[in-house]
Protein chains: 2
Amino acid sequence: MEEIVMKRIKAVIAMAVCGLLLSACGNLGSTGTTSTSTTSSKGTQLTGQASAGQYQGVIKNSRYRTSKARGVNVSQNDNTYNLKSFESGLLNISKKVFSTNKYVFQEGQYLSTSTVTNWLGRKSKSNPTGLNPVNNGSTSPTKRNPIYLQQMEEQDYLTESGKKLKLSGVTIGLGLNSIDYYTKTAYGSTYQTDISNATVKKEGQLIANRVLKRLRQKKALKNVPITIALYKQASDDSLVGGTFFAYSVNKAGTTSVKSWTPVSVKNYVYPTTSSSAKVGNSNDETDFTNFKSQIENFFPNVAGVTAQAQYTDKQLTGMNISITTQFYSETEIISFTQYLKQAAEKYLPSGAPVDITVSSTEGIQSFLSRTSSGKSFYSHVFSSY
Amino acid sequence: MEEIVMKRIKAVIAMAVCGLLLSACGNLGSTGTTSTSTTSSKGTQLTGQASAGQYQGVIKNSRYRTSKARGVNVSQNDNTYNLKSFESGLLNISKKVFSTNKYVFQEGQYLSTSTVTNWLGRKSKSNPTGLNPVNNGSTSPTKRNPIYLQQMEEQDYLTESGKKLKLSGVTIGLGLNSIDYYTKTAYGSTYQTDISNATVKKEGQLIANRVLKRLRQKKALKNVPITIALYKQASDDSLVGGTFFAYSVNKAGTTSVKSWTPVSVKNYVYPTTSSSAKVGNSNDETDFTNFKSQIENFFPNVAGVTAQAQYTDKQLTGMNISITTQFYSETEIISFTQYLKQAAEKYLPSGAPVDITVSSTEGIQSFLSRTSSGKSFYSHVFSSY
């Protein structure tokens, strides 16, 4: 319980920082076009689309419309990989349901910080809306009731209706613990309750049903499609975040979840640390290993090379490679980046987006990226005048 | 003197880390092509060219041929902006003389760590080759002999000759202090001797002449063109590095500098901190200010926005914009980056390369870049699985 209280305090502080400058939806200036003039900063604008396949965001009176529960998830995650992968994964689920061409993205406006914080808590006399089970008094890892629901996020999807934006869909992400970390006393040692995949799925589905019912009680959400997606949190020591495993699309007005669509997303870290560790695809790991051995001895001081790899339906759908080494001159960074481009194009698997970041103790030095359909890598060396 | 000794110790340590795995130039595998195979890691390869207008670098037995004086300049600069701008500026000077299509870049192989460290020291009984004036015993800012030469760098330019690479040109950069920082006692307060532009120029030219004479005594450097470029170091508290102000191209065999070509490069920081501060071009500053005011209130918490701007012959030749703000979700980063792309394309001056990096306390979050001829910005959000 200490943990939860601490997290709530953090959330409240985060909220205080955020400010409360959000207001109801006004007239829409000129949707879809660049409307960033300094003079007419009133009304609603959109952020524009940096690339196809991304949602535009909503700007109100020159200011981004931030989430009503802004900052809660930051304080709910000890492993920031869970934060990033939860939010970008939820966007990917939403894209299956709400087309980026038709819908505009808005940070959640219907669940407030206090609502989300209460829902993430344990059910109790003082917190009747808690979605996590009551505290049964046990501190035994196997006998206590663990915290199942660790984080949740609301995303709103709007469509243009005349000159206004209209709420036309909502996506809710539920982040469920695979391991629940707890302490027996304040600031005491950390213990953990492991939660099986079957339990994660079962509890997630139960919570989703309750969330759907509650959302339908809000007037604005009564008659919009609500997508709910279930995410399994990675452990706190993981070098890659968790993954979504199921989602349900609930038509306007429905108050219980009819069916779930399974999602097969897996994350891996290369190089694998032990021979028994799971590998997404052994060919990809071989490719990565060849690339790694090609570059780590480029300088007399060895570079550190690791990768996150994501697989969807057993196909590689993305790789983030992180290289750390010490540089002694700007020309070394330039030469290394050129060499990386060659080696990456030669060794790394194609057909999936690949990002490579090169860092030293002074931070990022260069960066290379290839899209899923691209053949060559874009490369950039961060310079200074 | 303490400062110099400390810096030398640092340089020696850096050298020890580097290792000594450099050897003489061998057979050239297949220059100009991608020759990064794991099996034939013997011989000389090139890094490949990431983009037109960049030099390829030299790889020897799968390892980058690092400078013989690797790490000396790192320890000579308290302001890292002076390090980066010195090295990339020297590359730009070299490009005026040695075409990137014809020449291959090699880190300096003829001036060793000990040579450079000695040359950067004061002339004394124990250091007869010191290029800085003898210590006259005074600790008065105006009466003492300041350290003029703060850093120097050798860059080698090779051409292909049959299957071998042949040294065909050398560039030497000399970094000259505009302010010499010194202490009167070990670990004591820092004092400074200001050095006028006229003195920087005069002393730089004298040192260049002596360096040219010495280089001609080395057999390998007797009959190659040697370009010497003079750089004025920025102050230690500057938020932008110094600039090159002159260079001389010395034909093969010549032992004294005949003439100097002036270079007009100026660096500025926007927003200017005081009304009397110098501005590169008031239109550019207005553009930057409009961009800044458009984005700094995007979130309820204000973003920090600063820029380095470089002018060559009074024309803007580059801008690096650095934005720092706090994000509460991945979707905030995506939306902000989309918005930045719109605002940058609308407000920022065109015709010069512009880089924008977006960071939070967790490091870089996204990045946008436009080339000098480009119309739209490339944008990238750093994500995680």
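Placed above this text is the structure.
Chains are numbered independently. Their residues run from 1 in the order of the written sequence. To read the labels, note that chains go from A and ligands from 1, taken in the order they are written. Given that this is a predicted model, residues contribute local features only at a pLDDT of at least 70 and side-chain atom pairs are listed and counted only at 80 or more, while totals for whole chains, interfaces and linings are drawn from all residues. Think of the side-chain values as coming from all heavy atoms in the structure, minus any hydrogens and water.

**Focus: the overall build of chain A**
So, point 1. Along the backbone of chain A there are seven helices and 17 strands.
So, point 2. For every residue, the accessible area (1.4 Å probe, protein chains only) is compared with the maximum for its type, and the residue is labelled buried under 20%, exposed over 50%, or partly exposed between those bounds. Across the 385 residues that make up chain A, the buried fraction comes to 55%.
So, point 3. When checking whether two residues touch, look at their non-hydrogen atoms; a contact exists if any pair is within 4.5 Å. For chain A, the share of sequence-separated contacts (at least 6 apart) that also reach a separation of at least 24 residues comes to 61%.
So, point 4. Total accessible area computed for chain A in this model is approximately 16,400 Å², and 51% of it derives from carbon and sulfur atoms. Secondary structure elements follow DSSP: runs of H or I of four or more residues count as helices, runs of E of two or more count as strands, with numbering from the N terminus. Each accessible area is a Shrake-Rupley estimate made with a 1.4 Å probe; only the visible protein chains count as cover when residues are assessed.

**What about the packing of helix H7 (residues 330-347) of chain A against helix H3 (residues 80-97) of chain B?**
So, point 1. Orientation of H7(A) relative to H3(B), taken along the N-to-C sense of each, is 65 degrees, at an axis distance of 8 Å. Of the residues in H3(B), those in contact with A:Glu330, A:Thr331, A:Ile333 and A:Ile334 of H7(A) are B:Lys84, B:Glu87, B:Ser88 and B:Leu91.
So, point 2. Its residues placed into classes, the contact of H7(A) with H3(B) shows three nonpolar, two polar and three charged. Whenever a helix is involved, its axis is fitted only over the stretch in contact; in every case the axis is a line through C-alpha atoms, and angles between N-to-C directions fall within 0 to 180 degrees. The classification used treats Ala, Val, Leu, Ile, Met, Phe, Trp, Tyr, Cys and Pro as nonpolar, Asp, Glu, Lys and Arg as charged, and all other residues, Gly among them, as polar.

**Details of the pairing of strand S7 (residues 179-183) of chain B**
Residues and elements named next belong to chain B.
So, point 1. Counting buried residues along S7, four of its five residues qualify, which places the element largely inside the surrounding structure.
So, point 2. We treat two strands as partners when DSSP finds at least two bridges between them. Bridge count between S7 and strand S8 (residues 190-194): five bridges; the pairing is antiparallel. Note on S8: the bridge partner recorded for Asp 180 is Thr 193.
So, point 3. The loop that links S7 with its antiparallel partner S8 comprises six residues; one of these, Tyr 187, has a positive phi angle of about 60 degrees.

**Thoughts on the pattern of salt bridges**
All names here are of chain A.
So, point 1. Salt bridges are defined as contacts in which a side-chain nitrogen from Lys or Arg sits within 4 Å of a carboxyl oxygen from Asp or Glu. Inspection of every chain in the model, using the stated rule, returns ten salt bridges over all chains.
So, point 2. A salt bridge links Lys 341 to Glu 345; the nearest nitrogen and oxygen atoms lie 3.1 Å apart. You can see Lys 341 and its partner Glu 345 sitting in helix H7, four residues apart, about one turn around the helix.
So, point 3. Lys 341 sits in the buried class, given a relative accessible area of 12%.

**Some details on the environment of A:Thr312**
All names here are of chain A.
So, point 1. Among the structural elements, Thr 312 can be located in strand S13 (residues 304-312).
So, point 2. Residues Thr 312 and Gly 280, spaced 32 residues apart in sequence, show a C-alpha to C-alpha distance of 9.9 Å.
So, point 3. Once you skip the residues sitting within four places of it in the chain, Thr 312 turns out to touch Ser 264, Val 265 and Thr 317.
So, point 4. A polar contact is formed between the side chain of Thr 312 and the side chain of Thr 317, at a distance of 2.9 Å. Two N or O atoms form a polar contact when they lie within 3.5 Å of each other; inside protein one atom must be a possible hydrogen donor and the other a possible acceptor, and for residues adjacent in sequence the pair counts only when both atoms belong to side chains.

**Things to note about the relation of the copies chain B and chain A**
So, point 1. Mapping chain B onto chain A leaves a residual RMSD of 0.0 Å; the transformation is a rotation of 180 degrees accompanied by 0.0 Å of translation along its axis. Such a turn and shift between the copies fits a two-fold axis.
So, point 2. Here 100% of the contact residues of chain B are again contact residues in chain A; the copies associate through an equivalent surface. C-alpha atoms of residues with pLDDT of at least 70 in both copies form the basis for the least-squares superposition of the copies.

**Some words on the sheet that holds strand S10 (residues 243-250) of chain A**
So, point 1. Within the open sheet, the six strands sit side by side as S4-S5-S6-S9-S10-S11 (chain A). Their pairing is mixed. Bordering the open sheet on either side are strand S4 (104-107) and strand S11 (261-262) of chain A, each of which pairs with just one other strand.
So, point 2. Pairing analysis gives twelve bridges linking strand S5 (residues 149-161) of chain A to strand S6 (residues 164-176) of chain A, with the strands arranged antiparallel. Bridging from a neighbouring strand, A:Gln155 pairs with A:Thr171 of S6(A).
So, point 3. In the packing of helix H5 (residues 197-216) of chain A onto the sheet, the strands contacted are S5, S6, strand S9 (226-232) and S10 of chain A, and the crossing angle to S9(A) comes to about 150 degrees.
So, point 4. Set on the sheet, helix H7 (residues 330-347) of chain B makes contact with S4 and S5 of chain A; between it and S4(A) the angle comes to about 130 degrees.

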